[in-house]
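As a plain string of letters, each chain reads:
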Amino acid sequence: MIYDILKDVYQAGISIARSPAVDSATHVFARKPDRMRPGPDPGPFETMSFFHAVTHRRSRRNFSSQNLPEPVWAAFLNRVFTRIFAGQDPDETGAAASGFLEMAMISRNMEGLAPGLYPFSRDGAALACRQTGVSAMDLARVCLDQAWIGRAAMNFLFVVDLAAMEAALGARGYRYVMMHAGRVGQRLYMAAQELGLGCCGIGAMYDKEAAALLGLNHGSVLLYAVSAGPVK
Ligand SMILES: Cc1cc2nc3c(=O)[nH]c(=O)nc-3n(C[C@H](O)[C@H](O)[C@H](O)COP(=O)(O)O)c2cc1C
C-alpha cells in the first residue's frame with residue numbers, strides 16, 4: 001500500500017533549483033554585529049594522527065569552568081575552519097547550502113574574549129561581537145535545560161533563514177543545510193579530540209525560545225549547536 005501523504009512528502013523533497021545561488025548569503029541576525037575582526041594566530045600544537053582522532057572521538061559533556069587559553073581556542077578555530085568547503089564544495093548543492101548556513105559562537109571563560117555572542121565570517125577567519133550578555137547558561141535553558149551546555153567554554157551555533165533557503169534551493173535545500181551543519185559539527189568534534197577538549201552536539205532545543213534568545217530574523221532558526229571546551 002502506498003499512502004498519498006508519503007508520496008507527497010517524498011515529492012516535496014526531490015526538487016532542488018537547477019542553478020542554486022551559491023553566494024546568496026542571508027542575514028539571520030536582526031541586529032548587525034560589530035565589525036569583523038580576524039581571529040588570533042593559532043599556537044603550535046602537535047598533530048594527532050587522523051586514525052587516532054577518529055577512533056577516540058566521542059561525546060564528552062563534563063565541561064569544567066576552567067579558563068580556555070587563547071592559543072588553544074585559536075588553534076581550535078584554525079583546525080575547524082582551515083580549508084573549509086564553504087562555497088568551494090565539489091558538490092554543487094553542498095556549496096549552495098553552505099552559503100545559507102551562518103555560524104556563531106557563545107563564548108564563556110575564553111581568554112581575551114568577553115562572554116557573548118560572536119558570528120563568524122563564512123570562512124571562519126573573522127568573528128564579530130553581536131551581543132555581550134548572551135550566556136552559555138541562556139543557551140542551556142533553551143536547549144531543554146541541559147545544564148552541561150552552560151559550563152562549556154564555546155557553544156557553536158548553526159543558523160539558517162529557512163524561507164530564503166527554500167526559495168533558492170527548493171524543499172530539498174533543508175536536507176543539504178542539515179548535512180552541511182553536520183559536517184562542520186564533525187570538524188568541531190575532531191578538533192576538540194585533537195586538542196584534548198570535550199565536545200558534544202546539541203539537537204534538542206525549543207525553536208522559538210532559541211530564536212528569541214539569539215535575536216534571529218523572522219523565519220530564521222537554530223538548526224544545530226555544538227558545545228566544546230575543557231572537561232574534567
Ligand atoms: C545531531 C546531534 C545532536 C545531538 N544532540 C544531543 C543533545 O541534545 N543532548 C545530548 O546529551 N547529546 C546530544 N548528542 C550527542 C549524542 O548523544 C551522542 O553523539 C551519541 O550518544 C553517540 O555518542 P558518541 O558521540 O560518543 O559516539 C547529539 C549528537 C548529534 C550528532
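Residues numbered from 1 in each chain as written. Predicted model: local features only at pLDDT ≥ 70, side-chain atom pairs only at ≥ 80, totals over all residues.

## Observations regarding the overall build of the protein chain
- The helix and strand inventory of the protein chain stands at eight helices and eight strands.
- For 232 residues, the compact-globule formula gives about 17 Å, and the C-alpha radius of gyration of the protein chain, at 18 Å, lands near that figure.
- The principal-axis extent of the C-alpha atoms belonging to the protein chain is close to 55 × 40 × 40 Å.
- Per-residue burial over the protein chain gives 40% buried out of 232 residues.
- A separation threshold of at least 6 residues defines the contact pool for the protein chain, and within that pool the share at least 24 residues apart is 78%. (Helix = DSSP H or I, 4+ residues; strand = E, 2+ residues; numbered from the N terminus. Rg over C-alpha atoms; globule rule 2.2 N^0.38 Å. Buried ≥ 20, exposed ≤ 12 C-beta atoms within 10 Å, placed from the backbone. Contact = placed C-beta atoms within 7 Å.)

## Digging into the sheet that holds strand β7 (residues 198–202)
- In spatial order, the strands read β5-β3-β2-β6-β8-β7; together these six strands make up an open sheet with antiparallel pairing. Every other strand in the sheet has two partners, leaving β5 (131–132) and β7 as the edge strands with one partner each.
- As paired elements, strand β2 (residues 101–107) and strand β3 (residues 116–119) share four bridges and run antiparallel to each other. Note that in β3 the partner of A104 across the bridge is P119.
- Of the strands in this sheet, β2, β6 (154–161), β7 and β8 (220–229) are in contact with helix α7 (residues 173–195), which crosses β8 at around 10°. (Pairing = 2+ DSSP bridges. Axes fitted to C-alpha atoms, helices over the stretch in contact; angles between N-to-C directions.)

## Quick notes on the site of the ligand
- For the ligand, the full set of nearby residues is R58, S59, Q146, C200, G201, I202, G203, A204 and Y224.
- Ranked by the residues each element gives to the shell around the ligand, the list is headed by β7, at three residues.
- Grouping the constituent residues of the shell around the ligand by class yields four nonpolar, four polar and one charged. (Near = placed C-beta within 6 Å. Nonpolar A, V, L, I, M, F, W, Y, C, P; charged D, E, K, R; others polar.)

## Digging into the packing of helix α6 (residues 162–169) against α7
- Here α6 crosses α7 at 115°, and the two axes come no closer than 9 Å. Residue-level inspection shows M165, E166, A168 and L169 of α6 in contact with α7, the latter providing G173, Y176 and V177.
- Looking at side-chain class alone, the contact of α6 with α7 contains five nonpolar, one polar and one charged residues.

## What about the nonpolar core?
- The biggest cluster of nonpolar side chains holds 69 residues, and the ones touching the most others in it are L157, V159 and L188.
- For this core, the leading source of residues is α7, giving nine residues.
- Residues contacting L157, with those up to four places away along its chain left out, are M103, A104, M105, I106, L214, L222 and A225. (Core = buried A, V, L, I, M, F, W, Y, C linked by C-beta atoms within 7 Å.)

## So, the pairing of β6
- Most of β6 is tucked away, with eight of its eight residues classed as buried.
- Side chains of β6 alternate between two faces, with M154, F156, F158 and V160 and N155, L157, V159 and D161 buried alike.
- Here eight bridges tie β6 to β8, and the two strands are oriented antiparallel to one another. Bridge pairing in β8 links D161 to S220.

## Considering the pairing of β7
- Most of β7 sits out of view: four of its five residues are buried.
- Alignment of β7 against β8, held across five bridges, turns out to be antiparallel. Bridge pairing links G201 to V226 in β8.

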